[in-house]
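Observations on the model geometry
Take a look at the letters that make up each chain.
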Amino acid sequence: QVQLVESGGGLVQPGGSLRLSCAASGSIFSINAMGWYRQGPGKQRESVATIRLGGSTNVADSLKGRFTISRDNAKNTVYLQMNSLRPEDTAVYYCHANARTHALDYGRDYWGQGTQVTVSS
């Protein structure tokens, strides 16, 4: 059992910044990867950023330079720093983790509840 608890979403003006946090808790043996997805109004869900076990990161090409993913392994927490926000960044942002609950298990996918980020026009 793994729970993902998100925080940091809200309303922000264009050009502003937000930092989303996602803390994983529960019966965690290891976390293979954590990341963020988003789904804007009338749009498909898309990958925003991912950080893997070894620390390598991927950020969607269109978001590079504005969005940064990082983690605190001691806290099992991943962050998404969002700068220079634009109205098109408005979306529900979902935290995702692929994690094992014990050594003999394979990695399973877990999702947070989603947090709304609204960038006003």
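Residues numbered from 1 in each chain as written. Predicted model: local features only at pLDDT ≥ 70, side-chain atom pairs only at ≥ 80, totals over all residues. Heavy atoms only, no water.

Overview of the sheet that holds strand β7 (residues 67-72)
Read across the sheet, 4 strands follow the order β1-β3-β8-β7 without closing on themselves; strand pairing throughout is antiparallel. Two strands in the sheet have a free side with no partner beyond their single neighbour: β1 (2-7) and β7. Averaged over all adjacent pairs, the angle separating strand axes in this sheet is 20°, with direction ignored. With 6 bridges connecting them, β7 and strand β8 (residues 77-82) associate as antiparallel partners. Following the sheet pairing, Arg71 is matched in β8 by Val78. (Pairing = 2+ DSSP bridges. Helix = DSSP H or I, 4+ residues; strand = E, 2+ residues; numbered from the N terminus. Axes fitted to C-alpha atoms, helices over the stretch in contact; angles between N-to-C directions.)

Here we look at the layout of surface pockets
Reported here for the largest pocket is a volume of approximately 180 Å³. It is strand β4 (residues 30-39) that contributes the most residues to the lining of the largest pocket, 4 residues altogether. (1 Å grid on protein atoms, 1.4 Å probe; cavity = no way out; pocket = protein on both sides within 12 Å on 5 of 7 lines; lining within 4 Å. Points joined across faces, edges and corners; volume = space filled by probe spheres on them.)

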